[in-house]
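Listed here are the chains, written in short residue letters.
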Amino acid sequence: MFDDFSIDYSPDDTKNRPSHRPQQSSEQFRPTDAYLQPHARLHPNDVINGPAPSARVNDLRHRPSSSSDYIPNYHQDTDPKLGRAFSTGSTASSLVADSLGRNVSVTTSTTSYPDTDGSTAKVGPATLSREGSYGFPSAGPSALKYSHGHLDSGSGGFQGGSVDSLTRARPSVYSGTPGLPLGDQEEDEDDGYFDSESDDPDPDRFVNFSLLSHLAVRLRDKVPRGTHVKSSIPYPRAFTGKDIVSTIQSQIQRELLINHGVSTTDRRAALQVARSLQQQLFFYEVEWGQKLLQDGVEDVYMFLDDVEGNSEAQREREELPTAVITSLTRCYASGCSEDEPCYSFACPRRQAGRIVDLGPVVEPEVHHQTEDWLSTVDPGILHTLPESEVHRQTIIYKTITQEEQYVQDLDTVEALFIRPLLKASPPVMPSNKLDEFVEEVFGNILDLRECNRRLVEAMYVRQREQAPIIQRIGDVFLEAAREFRFAYPTYVGHLPLAEKRFKDEIESNADLRLFLEECSRQSKQQEARRLDLKHFLSRPSEHLQKYPIALEAIMKETTEGNPDAYYLAEAIEAIKNLQNVAQLRTFQTAMGKGPTGKWEWHDIVAKDIREGLSKAEAKRQSVIFELIKGEMAYVRDLENIELIYIQALRESDPPVIPREKLNGFITDVFHNFAELHSHHRKLLDQLHDIQRDEHPVIRSITAPMFDAALNFRDAYMEYIPNYPIAAYRIDDEMANNIDFKTFVDQCIRHPDAHRLDMKNFINRPIPRLLRYELLLKGIMDETPATHEDREAIPQVLEIIKALGKETEPGVQSAKQKVQLWCYNSNLQFKPNEFDMDLLNESRSLIHAGKLLRQPDTGFEWNGWTELFVLLFDNYMVMTKTKEKDGLTKYNVNRRPIPLDLLTLASFTDPPTQRSTSILRLGLGGGNRHVEGGPSPGSGAPDTANDSRLVYPCTIHYNGRLGGLHTLFTESQQARAEWKQKLDEAIGLRKVVQESNKVFELEPLSTDTFLVPSISSTAVPSWNHENSLTGKVTCSVPFTTADGRALVAIGCAEGVWIGFRHDSRSMRRVLHLKMVTQCAMLEDFGMFLVLADKALFAYHIEALVPSSPQSAHTSQTPQRVNGTRDVHFFSVGNQGGRTLVIYMKKKGLDSVFRVLEPVVEKINERSKAPASFTSRFGIRPARSEWFRLYREFFLPSESFDLVFLKAKIAILCTKGFEIMDLTDFKSVTIPLRDDGYERLAKRGESCRPMGMFRVENEFLLCYDEFGIYVNKHGAPSRTTGTIEWEGTAERVAIHWPYILLFDSRFIEVRDVSTGLLAQIIPGNEIRCIWDGRGTCAPPSTGSESFQKMNLDPRIHCVMAASEPIQQGTVGRPRSVAQHVFELTPTMLVHPPGAPGSPNTSTYFQQQTGSPPQSPNLPMTTWR
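Residues numbered from 1 in each chain as written. Predicted model: local features only at pLDDT ≥ 70, side-chain atom pairs only at ≥ 80, totals over all residues. Heavy atoms only, no water.

Caption draft 1: Geometry of the overall build of the protein chain. Helix and strand counts for the protein chain stand at 28 helices and 50 strands. Going through the 1422 residues of the protein chain one by one, you find that 51% of them count as buried. At a minimum sequence separation of 6, the contacts of the protein chain that also span at least 24 residues come to 67%. Accessible surface computed for the protein chain: about 66,500 Å², of which carbon and sulfur atoms make up 51%. (Helix = DSSP H or I, 4+ residues; strand = E, 2+ residues; numbered from the N terminus. Buried < 20%, exposed > 50% of the residue type's maximum accessible area, 1.4 Å probe, protein only. Contact = heavy atoms within 4.5 Å. Areas by Shrake-Rupley, 256 points an atom, 1.4 Å probe, with all protein chains shown as cover.)

This is the structure in structure tokens:
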């Protein structure tokens, strides 16, 4: 729409009249070596071979007159390495018309400069082609780039190219004259498309930025106009070169960025467009100077057609500048779109994603009248000036020259160092490190350059306005000081760190050294001096210090009464204050490092200011400064934790700490230090802001302190209690990891570690809180009574003090935990390790102290033994201390006593004297567990020093190795304290065990089974008149066909069956003597009973009918064995068969018969009538219900037989015999080879009780101990044996626990770890059902992956504590036998904390109702 409208002219007029149609020239606006195909062209003849034409333009006079726009087809043939346009001529002249109609010859000289590959390209000041300007024949500027499609002057057309005839006429928006026969030009110019108040949502949619005429209209409408002064002459409606470039840049920057990838801060393209407009006299310099337009404020320009006065009317412009900006053109192909570019490789839309570098723009050397001011001033004027004014002007112009040189030096930093460093190939350092290096070393130096450029521009404006005599300069520097306030303190403050970073990198990076050497050599080629980067880095700091000197010199020469003196004084004060702020920023940035980090308050506050403060205020400011300085050091130490330790540990290769343990170690040691750092970094930033705003006298810092104290409370509540744990982890790791110890020693030598070790760093936050209290109290003491801090500081102190008190319980708890860990690692057991579960999170130490013990023998060669006794919440341990390498070791030579089995015997015995006699009389009647109970008056003291009273404390240990233990204290108070602590520990243990018990006893029968008391002499048999049943020996639960849950209980007088948990329902169903074992084969409806060494089989329906029809089932049993010689039998499944194996003795051998039930025979016999003799067990010798499956013998005494998955295990005197029933091959475990002699000897003296699989191991249980072995039978754990507290008479398993039955208690242990989980006390306890005795197949899979079955799987019996008196006088007193089932509980917090390394993970995995565990908990030997 905005193509220049066409006007029909006669053939004669076309030669002299101007054309309003901008035609695309062959010139290319492309000074870059990266942007190779920026211009658009038609494609039918896209490739045209031929030499490049000479530099010429198509004059409008040689173009055929037509209403169509003829657009030639262009093709680029540019060396892609050079990437710049080449000039074929040295100069070019253009005839232009000035405002007076004169022909002015404008000559533009070419400038050559090196390209990237060392070649030289000559580029003129403008890269725009013009087809004509103002009706005069013209030649383009010298830096023209042409395509291969050249012009044929003879034909007046375009040869080798195609033509597009754009026939549609478009309205003009450049003037109010009609451009079309349509009546669309009724609106005046102010209501055009460029009106700022237009309702058009996209006013740029009809603008073609590649046409110079469009940009000219935009410039005319949008350039800011104002009154500018040059040479003391004001010019209204004028503008500067910078205004022109900025306006054009605002119009084309979006187009350049989106379509060509040119940065929006790159103003070179806009400058080239502006210079093209200048050459076509679209605007003029007010003094008609011939200087090329610069992106600056030195020159003032105006439009020729601007009308002065208040009228808004503008003179219509007959002609607009015309040219095509080829770098902004778009593709002319009709099928080309943004989404689908056309086929041409040079299509601009294909190049849109490419980042374009426009390359350097030729800048003519600008000579400001600064250095030789005297030679530029009229001598007549000089004679009229006083000498002081001449000196003043000379200093001013010299200052401007120095500022120009300074800006040039900052430009050099970017051009000579920063850009080449970022583009270096190969790079001098990794890209991620390079960006960080540039940021740290150069900082905001480019921001300084922008500030000083604005200062130079302001001085140029003042020079332009008041030349040759500058009357005022102070206000310019005052404004500059305001702009410098943020940039310079930041740079100068960061300079020491930048120099250190630069120095460190130079020393370690040889590539960087070579690169900087090359840069320095290039600087010497460009200048006479050779400057290194270090000089440039310190240049801003030096230049800032020179400002007050120069301004003071100017003010000294300023005459009295000159208003500039006031501005100069203010500027000097502002810049000096700026230096103070920069000094403060240097201190803040140092963060305690280097000489600047050691500054005190008096070092950065001027003496006159210090002297102006009262003594109290000066001290107050000094304390405030100390608080801020301490906060800086504290934050830096927190940052060093990450830098020196955490980061180094993570990056170490090989790892100092194993990778799988590293994260846990870092969490335990450093905990939430990052959270503390975040809070204190925020606090420090607030303190720094206050310091910068109020320095040198700070009013208050209480507000940020109060805010921080509220915010960091929770972080400290978590961090401080963890410190004892962190310190322990460090000490423990150093003691056990030599690599870690070496690592810590190396870290101590780190420059930022200040020779402090890791523990000092992690302890840093704790004393910091105390330091806050001292500093805040110091500030409050020096604060005036009327100051607000008098009320605010006590509130902050109260919060910090409360924080310290609230962390004390957590610290004490952590210390106890660490103490437990230390004891756990320093306790030494002999001969085997003993796990007391001290690493459990719930473990605690109740008491510890010294106790005395008399020697075990009657000879006291070494005197009394001093013990160090530890009372934990689960064990009491007696040790002897031994110092070794600065560590205290605790030797345990007696078994630790569980508190569940500990009772206090006597703590009231009278004191006795310590005896030193060689022979003494021991007490206890030969009891080996009595530890020297004293006798009254035993042993008189030989010396006065030994005649001290000791106070006996007698305790009783109810375990297998227990008995009475008598220890002594040295004072009555100590004995009372020990009694109190022991009572407390035992009571606490009972409460904890009661709330965390694994099993609880559920009674099955309480008053049915009675035995005579020990005091009764007669032991009558059971009859209807006598209710004594004899000793309960066995039981088995079962479910009838009609779903009744029953239990069968065998005893000396027969078998009783009844409902579970209902004693009154118990009825005797079998009148058998000496019943010792029973089992139920529910699948076959068969009940097995071993009575008086005879094995019988009964129909369960005969004993407990489930229907009226089954009531007539025969009760005649089948006698399984022939003679009364069965010692035990076992029922199980193997190979898909239900087997019954019984053992009988033959001499010293054990003979085993393996039977298999015959279903058909069982069903037949169930229909046979009962006979009289069957009631008394008179049956045929051979059983028809079973058939013989296997028979074998073992040449040793056997105690039990266990079914494994594919084999059987026979428990015998040799140990555990693992046998395969298919071939009778067997192996005995545990191994008795060399190296296991001690274990073999121990096994020979103990009786095997059970064998259980634990993942890939097996737990072998003897009556005194247990041991884990692998599948080969060799011990698999280094901890050795697990010693039971009691003597196991029976062992049962209820996964994941094993239960060991002593007559006095039931010992419940974790099957995976052997840890003691529960002690169930009782009287004459026996296990009567261990979960076996049924034929249900075991569950598939390893039991190690089973969850706990909540169904009871174990029965036991125990005697009642009180005898029962029979109802008839004279009848014997009897004792009730209570039959229980052990029901597992659902524990919320099971014994052994979930986080403990020695705790089973079963309870963590338990969710909802656990799956059914197998009826036969037999494991598989594999």
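Caption draft 2: Just the sheet that holds strand S32 (residues 1126–1134), in detail. Here we have four strands laid out as an open sheet, ordered S32-S33-S34-S35, and antiparallel in their pairing. Edge positions in the open sheet fall to S32 and strand S35 (1186–1194), since each of these has one partner strand only. In this sheet, neighbouring strand axes are inclined to one another by 25° on average, regardless of whether the strands run parallel or antiparallel. Sheet analysis places strand S33 (residues 1137–1146) next to strand S34 (residues 1149–1157), joined by seven bridges and oriented antiparallel. Looking at S34, one finds that Tyr1142 is bridged to Arg1153. (Pairing = 2+ DSSP bridges. Axes fitted to C-alpha atoms, helices over the stretch in contact; angles between N-to-C directions.)

Caption draft 3: Up close: the packing of helix H14 (residues 615–651) against helix H15 (residues 659–670). Closest axis-to-axis distance for the H14/H15 pair is 10 Å, and the angle between their directions is 160°. The pairing of H14 with H15 is recorded here as roughly antiparallel in orientation. Here H14 and H15 pass one another in a crossing that is right-handed. Each of Ile641, Tyr645, Ile646, Leu649 and Arg650 in H14 lies in contact with H15, whose residues at this interface are Arg659, Leu662, Asn663, Phe665, Ile666 and Phe670. In terms of residue class, the contact of H14 with H15 is made up of eight nonpolar, one polar and two charged. (Parallel < 35°, antiparallel > 145°, perpendicular 65-115°, else oblique. Left-handed = near helix turned anticlockwise from the far one by under 90°. Nonpolar A, V, L, I, M, F, W, Y, C, P; charged D, E, K, R; others polar.)

Caption draft 4: Layout of the packing of aromatic side chains. On inspection of all chains with the given rule, the structure shows 35 aromatic pairs. Measuring from ring centre to ring centre gives 6.5 Å for Phe712 and Tyr772, while their planes differ by 10°; the resulting arrangement is stacked. Note that Phe712 is positioned in the loop between helix H17 (702–711) and helix H18 (713–719) and Tyr772 in helix H22 (residues 765–781), a separation of 60 residues in sequence. Accessibility assignment for this pair places Phe712 and Tyr772 in one class, buried. Relative to Tyr890, the ring of Phe868 lies with its centre 5.7 Å away and its plane at 35°, an arrangement referred to as tilted. A residue pair is termed long-range when its members are at least 10 positions apart, and Phe868 in strand S15 (residues 865–872) and Tyr890 in strand S17 (residues 887–892) qualify at 22 residues. Ring pairing ties together the aromatic residues Tyr645, Phe665, Phe670, Phe673, Phe740, Phe743 and Phe761, which thus form one cluster. It is Arg1190 that lies over the ring of Tyr1189; its NZ or CZ is 4.5 Å from the centre. (Phe/Tyr/Trp six-rings, centres within 6.5 Å; stacked < 30°, edge-to-face > 60°. Lys NZ or Arg CZ within 6 Å of the ring centre and 35° of its normal.)

Caption draft 5: Region of interest: the sheet that holds strand S45 (residues 1297–1301). If you walk across this open sheet you meet the four strands as S44-S45-S46-S47, and the pairing is antiparallel. Sheet topology places strand S44 (1290–1294) and strand S47 (1316–1321) at the edges, where each strand pairs with a single neighbour. Ignoring strand direction, the axes of neighbouring strands in this sheet form an average angle of 20°. Across five bridges, S45 lies against strand S46 (residues 1305–1310) in antiparallel orientation. Bridge assignment links Leu1299 to a residue of S46, and that residue is Val1308.

Caption draft 6: Structural view of the environment of Arg1044. Mapping Arg1044 onto the fold places it in the loop between strand S24 (1032–1039) and strand S25 (1045–1051). C-alpha separation for the pair Arg1044 and Phe1059, spaced 15 residues apart in sequence, amounts to 7.8 Å. Ignoring any residue separated from it by four or fewer positions in sequence, one finds Arg1044 in contact with Phe1038, Thr1039, Phe1059, Val1104, Pro1105 and Ser1106. Polar contacts involving the side chain of Arg1044 include one to the side chain of Asp1042, which spans 2.9 Å. A polar atom in the side chain of Arg1044 sits 2.8 Å from the backbone oxygen of Pro1105. (Polar contact = N/O pair within 3.5 Å; in protein donor to acceptor, adjacent residues only side chain to side chain.)

On their own, these measurements won't tell you what the molecule is for.
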